[in-house]
Amino acid sequence: MRAPREPGRPTTGQRISGSVAGLAALAGLAGLVWAARDIPAALGGRLAGARAERAARSPQFRGDAFHNRAATRTMAPAPDRNLLRELIFGKQKRRPSVAVPLVRPTRAPEVDPARELNIVWYGHASVLVEIEGRRVLLDPVWSERCSPSATIGPRRLHEPPVRLDELPRLDAILISHDHYDHLDMATVRELTARQSAPFLVPLGVGAHLDRWGVPADRIVELDWSQTHRVADLEITCAVAQHFSGRGLRRNGTLWNSWVVAGHQRRVYYTGDSGYFEGYAEIGAAHGPFDVTLMQIGAYDRAWPGIHMFPEEAVTAHLDLRGGLFLPVHWATFNLALHDWSEPVDRLWAEAKARDVRLAVPRPGERVVVDDPPPVDGWWQSIA
Ligand SMILES: [Zn+2]
């Protein structure tokens with residue numbers, strides 16, 4: 001609809017300032033549109049048809065959402081705290097003082113493929129598992145921000161140590177849940193184009209992949225306790241205690257942890273989770289594990305049910321019958337109010353106290369699970 005005409009003719013000066021203001025408004029609008037251009041797609045897809053029917057049949061699905069086994073609050077009341085004030089005025093050191101050291105990829109050492117087990121951590125929860133000659137990528141996030149917007153939201157503390165086109169040929173790509181720091185649209189699109197591996201995801205997450213152009217025959221959706229065989233590996237979707245959602249809707253898709261089992265070697269990845277009794281069950285059913293990839297960052301006593309504290313992660317590792325403990329979910333995105341390096345300081349102390357074998361690689365550094373590098377505290381010199 002047109003605006004009604006102003007009475008009288010504008011002067012030249014009025015016309016110029018009017019068009020400048022109009023241009024500025026247009027530029028502002030264009031800026032907003034540009035900033036928001038990918039947001040609707042990044043929010044992902046909605047469950048519909050057979051996918052929605054399958055979700056509704058899951059024992060984890062009640063009402064209109066997925067549920068944890070135990071009632072779990074994502075936020076606990078903390079009357080003595082103002083989280084927003086802490087976020088803005090808090091004295092926590094939320095970034096390193098100098099650049100996080102990155103390690104460039106090297107060739108995997110030549111070993112008997114039947115015994116091969118190496119872990120390459122790329123930062124946050126993005127990990128390459130090299131197991132018995134197979135290559136499995138976990139929760140790959142290569143974008144600058146974990147956010148629906150390219151211009152707003154938590155930003156990386158370091159670059160990815162490798163480009164996506166430098167990754168080896170993958171046998172499987174595993175996603176633990178649909179939060180932005182684990183499931184990244186741009187990364188999924190690039191991996192879809194460059195690789196041919198299937199995406200294994202918890203129930204419902206296939207709707208997002210669908211929307212982003214992943215072919216249906218490359219999407220494998222699993223419920224808790226379901227196993228899928230791929231490339232001679234047994235990959236099991238295991239329970240976790242967390243939540244999901246990329247937009248306003250909560251828990252419309254499932255969250256999980258992963259067991260990756262070869263003929264001889266076994267790896268466990270927590271995904272995001274609070275500490276719960278599921279670890280002892282997973283350890284009994286699928287352990288012992290040669291290595292556990294344990295979530296240690298993003299905790300707070302305001303949300304104890306959905307992210308473990310480092311000390312709890314050590315207990316979980318022992319419940320799981322884990323061998324080597326390799327921490328993830330720290331150093332790349334600081335999503336909570338703690339110092340950026342506090343998770344790994346607390347972890348190191350607890351691992352020593354409880355005699356747990358620990359490896360803390362730099363992003364990009366390969367850890368040979370049977371011969372891990374000693375922990376050298378590299379993060380303390382840049383904290
Ligand atoms: Zn996370």
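Because the structure is a prediction, the values reported are computed rather than measured.

Visitor: Please clarify how the overall build of the protein should be interpreted in this entry.
Guide: When you go through the protein residue by residue, the secondary structure sums to 9 helices and 16 strands. Taking as baseline every contact in the protein between residues at least 6 positions apart, the subset at least 24 positions apart corresponds to 72%.

Visitor: Which parts of the structure should I look at to understand the pairing of strand E13 (residues 289-295)?
Guide: For a regular strand, side-chain orientation follows a simple rule: the groups alternate between the two sheet faces. The element E13 is extensively covered by neighbouring structure, given that 7 of its 7 residues are classed as buried. This β-α-β element, strand E12 (residues 266-269) to helix H7 (residues 278-286) to E13, shows right-handed connectivity. Pairing of E13 with strand E14 (residues 322-328) involves 6 bridges; the strand directions are parallel. Note that in E14 the partner of leucine 293 across the bridge is leucine 326. Regarding topology, helix H8 (residues 310-319) serves as the crossover connection from E13 to the parallel E14, and that connection is right-handed.

Visitor: Is there a simple way to think about the sheet that holds E12 in this case?
Guide: Neighbouring strands of a sheet are bound in pairs by backbone hydrogen bonds; such pairs are parallel or else antiparallel. If you walk across this open sheet you meet the 7 strands as E9-E10-E11-E12-E13-E14-E15, and the pairing is mixed. The open sheet has two free edges, formed respectively by strand E9 (227-230) and strand E15 (357-358), since each of these has just one partner strand. Contacts between H8 and the sheet are confined to E13 and E14, with E13 contributing the most and set at about 155° to the helix.

Visitor: Sorry, what's going on with the packing of H8 against helix H9 (residues 342-353) here?
Guide: When two helices pack together, their arrangement is captured by the angle between the axes and the distance separating the axes. Remark: H8 packs on H9, axes separated minimally by 8 Å, with the N-to-C direction vectors making an angle of 45°. Comparing the axis directions of H8 and H9 gives the class oblique. Seen along the crossing, H8 lies across H9 with a hand that is right-handed. Between H8 and H9, the contacting residues are Pro310, Glu311, Ala313 and Val314 on the first element and Pro343, Arg346, Leu347, Glu350 and Ala351 on the second. Here the contact of H8 with H9 is composed, by residue class, of 6 nonpolar, no polar and 3 charged.

Visitor: Quick question: what am I supposed to make of the sheet that holds strand E3 (residues 117-123) here?
Guide: Read from one edge to the other, the open sheet built from 7 strands follows the order E8-E7-E6-E5-E4-E3-E16, with strand pairing classed as mixed. What marks the edges here is a single partner per strand, and that holds for strand E8 (219-222) and strand E16 (366-368). Across the sheet, the axes of successive neighbouring strands diverge by a mean angle of 20°, strand direction being ignored. In the sheet, strand E6 (residues 172-174) pairs with strand E7 (residues 199-202) via 2 bridges, with the strands oriented parallel. Within the sheet, the bridge partner assigned to isoleucine 173 lies in E7 and is phenylalanine 199.

Visitor: Can you walk me through the environment of serine 149 in this structure?
Guide: Residue placement: serine 149 occurs in the loop between strand E5 (134-138) and E6. Distance from serine 149 to proline 40, taken between C-alpha atoms, is 9.5 Å for residues 109 residues apart in sequence.

Visitor: Explanation requested: H9 in the structure shown.
Guide: Think of an α-helix as turning once every 3.6 residues; residues three or four places apart then point the same way. Here H9 is 12 residues long and its end C-alpha atoms lie 17 Å apart, about the 16 Å a rise of 1.5 Å per residue gives. Every buried residue of H9 is accounted for by Glu342, Pro343, Val344, Leu347, Glu350 and Ala351. Those residues of H9 hidden inside the fold are in contact with H8, E14 and E15. Of the residues flanking the end of H9, it is aspartate 355, one or two places downstream, whose phi is positive at about 60°.

Visitor: I tried to follow the pairing of strand E10 (residues 233-238) on my own but got confused; where do I start?
Guide: Counting buried residues along E10, 5 of its 6 residues qualify, which places the element largely inside the surrounding structure. Of the strand pairs in this sheet, E9 and E10 are connected by 4 bridges, and their pairing is antiparallel. Among the inter-strand pairings, threonine 227 is bridged to a residue of E10, identified as threonine 236. Inspection of the sheet shows E10 paired to strand E11 (residues 257-261) by 5 bridges, in the antiparallel sense. Across the sheet, glutamate 234 pairs through a bridge with alanine 261, a residue of E11.

Visitor: For this particular structure, what's the right way to read H7?
Guide: All buried positions along H7 are accounted for by Gly278, Tyr279, Ile282 and Gly283. The buried residues of H7 occupy an angular sector of 135° when projected down its axis, which confines them to one face. Facing away from the buried side of H7 by over 90 degrees, the exposed positions are Ala284 and Ala285. Where H7 is buried, its residues touch E10, E12 and H8.

Visitor: Mind showing me how you'd approach the confidence of the model for the protein here?
Guide: Close inspection of predicted coordinates is inappropriate for parts of the model with low pLDDT. On average, residues of the protein score 90 in pLDDT, and 86% of them reach the 70 mark or higher. For the stretch residues 1-12, pLDDT sits under 50, and the model shows 2 contacts to residues farther than four places along the chain or on other chains.

What counts, and where the lines are drawn
Residues numbered from 1 in each chain as written. Predicted model: local features only at pLDDT ≥ 70, side-chain atom pairs only at ≥ 80, totals over all residues. Helix = DSSP H or I, 4+ residues; strand = E, 2+ residues; numbered from the N terminus. Contact = placed C-beta atoms within 7 Å. Buried ≥ 20, exposed ≤ 12 C-beta atoms within 10 Å, placed from the backbone. Right-handed = clockwise from strand over helix to strand, strands pointing away. Pairing = 2+ DSSP bridges. Axes fitted to C-alpha atoms, helices over the stretch in contact; angles between N-to-C directions. Parallel < 35°, antiparallel > 145°, perpendicular 65-115°, else oblique. Left-handed = near helix turned anticlockwise from the far one by under 90°. Nonpolar A, V, L, I, M, F, W, Y, C, P; charged D, E, K, R; others polar. Expected span 1.5 Å × (residues − 1). Arc of directions from axis to C-beta. pLDDT = per-residue confidence, 0-100.

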